[in-house]
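Here are the chains, one letter per residue:
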Amino acid sequence: MLTIFFLPFLIINLGIVTSTWVLFLLYITSGLGMAGIGMSVAHDAIHGAYSNNQKINTFIGYTFNLIGANATVWKIQHNVLHHTYPNIEHSDDDINAPFFLRFSPHAKKYWTHQFQHIYIWFFYCLATISWITTKDFVRINRYHKMGFLVEKNEFRNAVISIAAWKVLYYSYALILPLIIVNLPWWHIVLAFLSMHFFTGLLISIVFQIAHIMPSSEFPLPDEEGLIAGDWYTHQFATTSNYSPGSRIFTWLIGGLNYQIEHHLLPGVCHVHYRELSKIVIETAKEYGIPYSSNRTFFTAIRNHAKMLRQLGNMPQIAE
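Let me begin by describing the structure that accompanies this report. It should be emphasised that the depicted structure is a prediction, and the values quoted were computed from it without experimental measurement. (Residues numbered from 1 in each chain as written. Predicted model: local features only at pLDDT ≥ 70, side-chain atom pairs only at ≥ 80, totals over all residues. Heavy atoms only, no water.)

1. A word on the packing of helix 6 (residues 116-125) against helix 14 (residues 297-313)
Axis separation between helix 6 and helix 14 bottoms out at 9 Å; the angle between their running directions is 115°. Packed against helix 6, whose contacting residues are Gln116, His117, Ile120, Trp121 and Tyr124, the element helix 14 presents Ile301, His304, Ala305, Leu308, Arg309, Leu311 and Gly312 at the interface. Class assignment of the residues belonging to the contact of helix 6 with helix 14 gives a composition of 7 nonpolar, 4 polar and 1 charged. (Axes fitted to C-alpha atoms, helices over the stretch in contact; angles between N-to-C directions. Helix = DSSP H or I, 4+ residues; strand = E, 2+ residues; numbered from the N terminus. Contact = heavy atoms within 4.5 Å. Nonpolar A, V, L, I, M, F, W, Y, C, P; charged D, E, K, R; others polar.)

This is the structure we're talking about:
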């Protein structure tokens, strides 16, 4: 995945590309590598699942920074908030969407939501553009206010680090190509954006079809702040698998199609999910726990769109 991401940039920054269509092809190929790094390499490492050696996990986790995102922000958003509170309104940051998107029946409903199953794909395309520009800065500030990064200079250093990594990313991904490649500047900018449109759409779909589905539950805490049932049952109730039969697809997206196994055992490397799923399925049957799985990726996308439409039309459920 690192080769798929960096090799096209090496070719671009050697200044040997003279064709616009070749430039676009190289950028989009790099986008596939970017998605692979985010979904498999860095994702496992930040979970502490890439290696038994945590120093190696930390080092490999920096690949997330190399693709324009930030490991520190992602660890709080994903490892802490999402994995602890999947599909819980106000707690799971993955469903805390802008006002024009609605990912929970408990979220406020606007008239535009009835069309979200149509226009949402455009906003999915913008996901990684948001990451490389404003999202990390907005979230690190919010997480600091929530009580994260409160040690002396920890927040300040995190902000400086985010900015420095983004300067590095823009340097080799956009600025150097603008200087070196002998093509109109707007061709290069459009190729750069096309890479992010492709990556943003792919990553957004892969993550969202695991939780925003007709089979998903959206529980709320009681007056004491507790969720009914145990943590493991909650993971089953809010998570869904898809395309479990494809080994190639599993490799491409870092095993995220085995999302149930990942949520139950986030510290286990994704290469084990296929075999673990057999044990999880049998255990779920034994205890009468629903195990949601879509046969193909496209079936899951269709069901996700169906759920988005449903959420766009149903009234807000009182908290």
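Let's pick the thread back up.
2. Some remarks on the nonpolar core
Counting 60 residues, the largest nonpolar core has Tyr27, Met39, Tyr169 and Tyr242 as the members making the most contacts within it. Where this core is concerned, the elements lending two or more residues are helix 1 (2-13), helix 2 (20-46), helix 5 (71-84), helix 6, helix 7 (127-146), helix 8 (154-180), helix 9 (185-208) and helix 14. Examining the composition of this core, we find that 11 residues originate from one element, helix 2, more than from any other. In this structure, Val73, Ile76, Ile140 and Ala158 belong to the second largest nonpolar core, which totals 8 residues. (Core = buried A, V, L, I, M, F, W, Y, C linked by side-chain atoms within 4.5 Å. Buried < 20%, exposed > 50% of the residue type's maximum accessible area, 1.4 Å probe, protein only.)

3. Here we look at the layout of surface pockets
The volume enclosed by the largest pocket comes to roughly 780 Å³. Along the walls of the largest pocket sit 26 residues, with Pro98, Ala127, Ser130, Lys135 and Arg139 positioned nearest its centre. For the lining of the largest pocket, the secondary-structure elements that each account for two or more residues are helix 5, helix 6, helix 7 and helix 9. For the lining of the largest pocket, the leading source of residues is helix 7, giving 9 residues. (1 Å grid on protein atoms, 1.4 Å probe; cavity = no way out; pocket = protein on both sides within 12 Å on 5 of 7 lines; lining within 4 Å. Points joined across faces, edges and corners; volume = space filled by probe spheres on them.)

4. Here we look at the packing of aromatic side chains
According to the stated counting rule, one finds 30 aromatic pairs in the structure shown. Note on Tyr62 and Trp165: the rings are 5.7 Å apart at their centroids and 20° apart in plane angle, and the pair reads as stacked. Here Tyr62 is found in the loop between helix 3 (54-61) and helix 4 (63-66), whereas its partner Trp165 is found in helix 8, with 103 residues between them in sequence. An angle of 40° between the planes, with centres 6.3 Å apart, marks the rings of Tyr170 and Phe192 as tilted. A residue pair is termed long-range when its members are at least 10 positions apart, and Tyr170 in helix 8 and Phe192 in helix 9 qualify at 22 residues. Three or more aromatic residues link up through ring pairs in this structure, and these residues are Phe5, Phe6, Phe9, Tyr27, Tyr169, Tyr170, Tyr172 and Phe192. (Phe/Tyr/Trp six-rings, centres within 6.5 Å; stacked < 30°, edge-to-face > 60°.)

5. Concerning the side chain of Ser216
On the secondary structure map, Ser216 appears in the loop between helix 9 and helix 10 (231-238). Given a relative accessible area of 9%, Ser216 falls into the buried group. Setting aside chain neighbours within four positions, we find Ser216 in contact with Asn87, His211, Ala237 and Thr238.

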